[in-house]
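So the chains spell out like this:
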Amino acid sequence: VDLTKYTEEHNFYFDEVLWEDSANKEVYSRCGAPLVRYVFEKQGKASCFAYGQTGSGKTHTMMGHPSEPGLYFLAAEEIFSIIK
């Protein structure tokens, strides 16, 4: 069985494309913050999915560290400021 047509023909659509040196705050402001606003303003549902090669920075972007908070922390901070 030749599966070539199923493995080689793909269309990809991206909401955002960021540089490898983008700070977590920039990633959050462009990708995460609109999702948080959507949930609260439109009573919608949202998810943020980090995808990439091993070692590409997914954990750093989502978790961050004390000097550069990740998307989880930045989203929680915004959510708690909204519901306060």
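Each remark here, short or long, concerns the structure printed above.
The rules behind these values
Residues numbered from 1 in each chain as written. Predicted model: local features only at pLDDT ≥ 70, side-chain atom pairs only at ≥ 80, totals over all residues. Heavy atoms only, no water. Core = buried A, V, L, I, M, F, W, Y, C linked by side-chain atoms within 4.5 Å. Buried < 20%, exposed > 50% of the residue type's maximum accessible area, 1.4 Å probe, protein only. Helix = DSSP H or I, 4+ residues; strand = E, 2+ residues; numbered from the N terminus. Contact = heavy atoms within 4.5 Å. Axes fitted to C-alpha atoms, helices over the stretch in contact; angles between N-to-C directions. Parallel < 35°, antiparallel > 145°, perpendicular 65-115°, else oblique. Left-handed = near helix turned anticlockwise from the far one by under 90°. Nonpolar A, V, L, I, M, F, W, Y, C, P; charged D, E, K, R; others polar. Salt bridge = Lys/Arg side-chain N within 4 Å of Asp/Glu carboxyl O. Phe/Tyr/Trp six-rings, centres within 6.5 Å; stacked < 30°, edge-to-face > 60°.

Asker: Hey, could you run me through the nonpolar core in this one?
Answerer: Where a protein is soluble and globular, its nonpolar side chains tend to be buried together. If you look at the biggest cluster of nonpolar residues, it comprises eight residues: Val-27, Tyr-28, Ala-33, Val-36, Met-62, Leu-71, Leu-74 and Ala-75. Going through the elements one at a time, helix 2 (24-42) and helix 4 (71-83) are the ones with two or more residues in this core. Per-element accounting of this core gives the leading share, four residues, to helix 2. Other than its neighbours up to four places away in sequence, Leu-74 contacts Asn-24, Lys-25, Tyr-28 and Pro-69.

Asker: Help me understand the packing of helix 2 against helix 4, please; the structure alone is not making it clear to me.
Answerer: Relative orientation and spacing of two packed helices are given, respectively, by the angle between their axes and the distance between those axes. Across the interface, helix 2 lies against helix 4 with an axial gap of 10 Å and an inter-helix angle of 40°. With respect to helix 4, the axis of helix 2 lies oblique. The interaxial crossing formed by helix 2 with helix 4 has right-handed handedness. Within the contact between the two elements, helix 2 uses Asn-24, Lys-25, Val-27, Tyr-28, Ala-33, Val-36, Arg-37 and Phe-40 and helix 4 uses Leu-71, Leu-74, Ala-75, Glu-78, Ile-79, Ile-82 and Ile-83. Here the residues of the contact of helix 2 with helix 4 are counted per class, giving eleven nonpolar, one polar and three charged.

Asker: So what exactly am I meant to see when it comes to the pattern of salt bridges here?
Answerer: When the charged atoms of two side chains lie near each other, side chains of opposite charge can form a pair. The full count for this structure, using the stated rule, is two salt bridges. Notably, a salt bridge pairs Glu-16 with Arg-30, separated by 2.6 Å at the nearest N-O pair. Pair noted here: Glu-16 is in the loop between helix 1 (4-8) and helix 2 and Arg-30 is in helix 2, with a separation of 14 residues, a long-range link. You can call Arg-30 partly exposed: its relative accessible area is 33%. Put simply, Glu-16, Glu-26 and Arg-30 are held in one network by salt bridges that share partners.

Asker: How should I be thinking about the packing of aromatic side chains in this particular structure?
Answerer: One pair of aromatic rings is described through two measures. These are the centre distance and the angle between the planes. Across all of its chains, the model carries one aromatic pair by this definition. Each ring, one from Phe-49 and one from Tyr-51, has its centre 6.3 Å from the other, and the planes form 20°; the classification is stacked. Like Phe-49, the residue Tyr-51 is exposed in the burial classification.

Asker: What's the story with the environment of Leu-35 in this structure? I'm lost.
Answerer: Checked against the element boundaries, Leu-35 lands in helix 2. Owing to a relative accessible area of 27%, Leu-35 belongs among the partly exposed residues under this scheme. Sequence separation between Leu-35 and Ala-46 is eleven residues; the distance between their C-alpha atoms is 5.9 Å. If sequence neighbours within four positions are ignored, Leu-35 has contacts with Ala-46, Ser-47 and Cys-48.

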